[in-house]
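# Close look at the chain arrangement
Each chain, letter by letter, is given below.
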Amino acid sequence: MKRTELVMGMPVIVEIADAHADSAALGSVFEYFRYVDEKFSTYKSDSEISKINRHALPEQDWSADMREVFRLAEKTKLQTENYFDIRKPDGQYDPSGLVKGWAIRNAARLLRAEGFRNFYINAGGDIETSGSAEHGAPWTVGIKNPFNTGEIVKVLEIGNGGIATSGNYLRGNHIYNPKEKEEKLEEVSSLTVIGPDIYEADRFATAAFAMGKSGIVFIESLPGFEGYMIDCTGMATMTSGFERYAK
């Protein structure tokens, strides 16, 4: 059973391959994504993060989810030597570099709690997979050519895990280097990270992209992670274990 909806300003695809899948299970996932959007969207003036940014909500009144996301963001900042920072150059908070992966992982946990083992969640290209697709086939994920998004340059087979791609080729320069805030990130066109789950892959993909070409070296240093980088000239560089996922 499969459904696609536009949530959080992007297409979200949820597919459950278990025989007992039903529309209620899919509905609970999309309801959760709508909740996340209402709380963390920087485009909604009444969201919790928007109220925080205009100093209309004191910290003692923040929700438990907001506190968790800020805690995880600080942890990620420390783990990436300050290359991940949800505080933007203008002083506003934007946790989207972490929230999407966090939300997908939480949605996957909802499905597992309901007894589902074989499913796929894709929110704007960030993907969590579990088990296998119909008839036991592996879930497959394509990496797009950042210079021609209609072309797939790599097809990967993912069992249980997450895959996230960071880049400026679709949304422009929305990622920045917190250490050099005025620097335009032009060395790398896209950086794809495979991790144990989508939250881990997403947050480290964002930070690694901000590192420029050294980002792939950072991913190589992380146990349990693999990466695939395409630089501005079209040259691809991958981590040592990446090819085991290639179809």
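Here is a short report on the structure shown in this document.

The rules behind the values
Residues numbered from 1 in each chain as written. Predicted model: local features only at pLDDT ≥ 70, side-chain atom pairs only at ≥ 80, totals over all residues. Heavy atoms only, no water. Pairing = 2+ DSSP bridges. Helix = DSSP H or I, 4+ residues; strand = E, 2+ residues; numbered from the N terminus. Axes fitted to C-alpha atoms, helices over the stretch in contact; angles between N-to-C directions. Contact = heavy atoms within 4.5 Å. Phe/Tyr/Trp six-rings, centres within 6.5 Å; stacked < 30°, edge-to-face > 60°. Buried < 20%, exposed > 50% of the residue type's maximum accessible area, 1.4 Å probe, protein only. Salt bridge = Lys/Arg side-chain N within 4 Å of Asp/Glu carboxyl O. Core = buried A, V, L, I, M, F, W, Y, C linked by side-chain atoms within 4.5 Å. Parallel < 35°, antiparallel > 145°, perpendicular 65-115°, else oblique. Left-handed = near helix turned anticlockwise from the far one by under 90°.

### Re the sheet that holds strand β1 (residues 2-7)
Spatially, the 8 strands line up as an open sheet ordered β1-β2-β3-β4-β7-β8-β9-β10, and their pairing is antiparallel. Sheet topology places β1 and β10 (236-238) at the edges, where each strand pairs with a single neighbour. Between one strand axis and the next, the sheet turns through 10° on average, direction left out of account. Helix α1 (residues 23-40) contacts β1, β2 (10-16) and β3 (119-123) of the sheet and is inclined by roughly 20° relative to β1. The sheet strands contacting helix α5 (residues 198-210) are β4 (126-130), β7 (161-167) and β8 (188-195), and the helix crosses β7 at an angle near 25°.

### Brief notes about the packing of aromatic side chains
The geometry of an aromatic ring pair is captured by the separation of the ring centres together with the interplanar angle, meaning the angle of the planes. Applying the stated criterion to the full structure yields 9 aromatic pairs. Here Phe40 and Trp102 contribute two aromatic rings whose centre-to-centre distance is 5.6 Å and whose plane-to-plane angle is 75°, an arrangement assigned as edge-to-face. You can see Phe40 sitting in helix α1 and its partner Trp102 sitting in helix α4 (residues 96-113), a full 62 residues away along the chain. Judged by relative accessible area, which is 1%, Trp102 ranks as buried. A ring pair is formed by Trp62 and Phe70, whose centres lie 4.8 Å apart and whose planes are at 50°; its orientation type is tilted. Like Trp62, the residue Phe70 is buried in the burial classification. Aromatic ring contacts, followed pair by pair, group Tyr32, Phe33 and Tyr35 into a single cluster.

### Focus: the pattern of salt bridges
The tally for this structure, following the rule as stated, stands at 13 salt bridges. Linking Glu38 and Lys44 is a salt bridge whose minimum nitrogen-to-oxygen distance equals 3.7 Å. Given the relative accessible area of 42%, Glu38 is considered partly exposed. A salt bridge links Lys77 to Asp85; the nearest nitrogen and oxygen atoms lie 3.6 Å apart. A relative accessible area of 22% places Lys77 in the partly exposed class. The network of salt bridges with shared partners includes Arg3, Glu5 and Arg34.

### Details of unusual backbone geometry
The backbone of His55 sits at a positive phi, close to 60°, despite the residue not being glycine. Residue position: His55 is located in the loop between α2 (48-53) and α3 (64-79). One non-glycine residue, Glu81, adopts positive backbone phi at about 55°.

### Section: the environment of Ser190
Here Ser190 shows up in strand β8. Judged by relative accessible area, which is 1%, Ser190 ranks as buried. Along the sequence, Ser190 and Ser63 sit 127 residues apart, while their C-alpha atoms lie 34 Å from each other.

### Brief notes about the nonpolar core
Counting residues in hydrophobic clusters, the biggest one holds 60 residues, and the most contacted among them are Phe33, Trp102, Leu111, Ile121 and Ile219. Counting residues per element, this core draws most heavily on α5, which supplies 9 residues. Ignoring sequence-local partners within four residues, the contact set of Leu111 consists of Val14, Ile16, Ala25, Val29, Phe116, Phe119 and Ile121. If you look at the next biggest cluster of nonpolar residues, it comprises 14 residues, including Tyr120, Trp139, Ile143 and Leu156.

### Details of the pairing of β4
Most of β4 sits inside the fold, with 5 of its 5 residues counted as buried. Residues Asp126, Glu128 and Ser130 of β4 are buried on one face, and the alternating residues Ile127 and Thr129, pointing to the opposite face, are buried as well. The turn joining β3 and β4, which pair antiparallel and follow one another in sequence, is formed by 2 residues; a positive phi near 60° is taken by Gly124. In this structure, β4 lies alongside β7, joined through 3 bridges in antiparallel fashion. By the bridge assignment, Thr129 is partnered in β7 with Gly161.

### Concerning the packing of α1 against α4
Two quantities define a packed helix pair, namely the angle between the helix axes and the distance between the axes. Between α1 and α4, whose axes approach to 10 Å, the crossing angle comes to 150°. Here α4 runs roughly antiparallel to α1, going by the angle between their axes. Judged by the twist between their axes, the crossing of α1 over α4 is right-handed. Every residue of α4 that contacts α1 at Ala25, Ser28, Val29, Tyr32, Phe33, Val36 and Phe40 is listed here: Val99, Trp102, Ala103, Ile104, Asn106, Ala107, Leu110 and Leu111.

Don't take any of this as a statement about function, it's just geometry.
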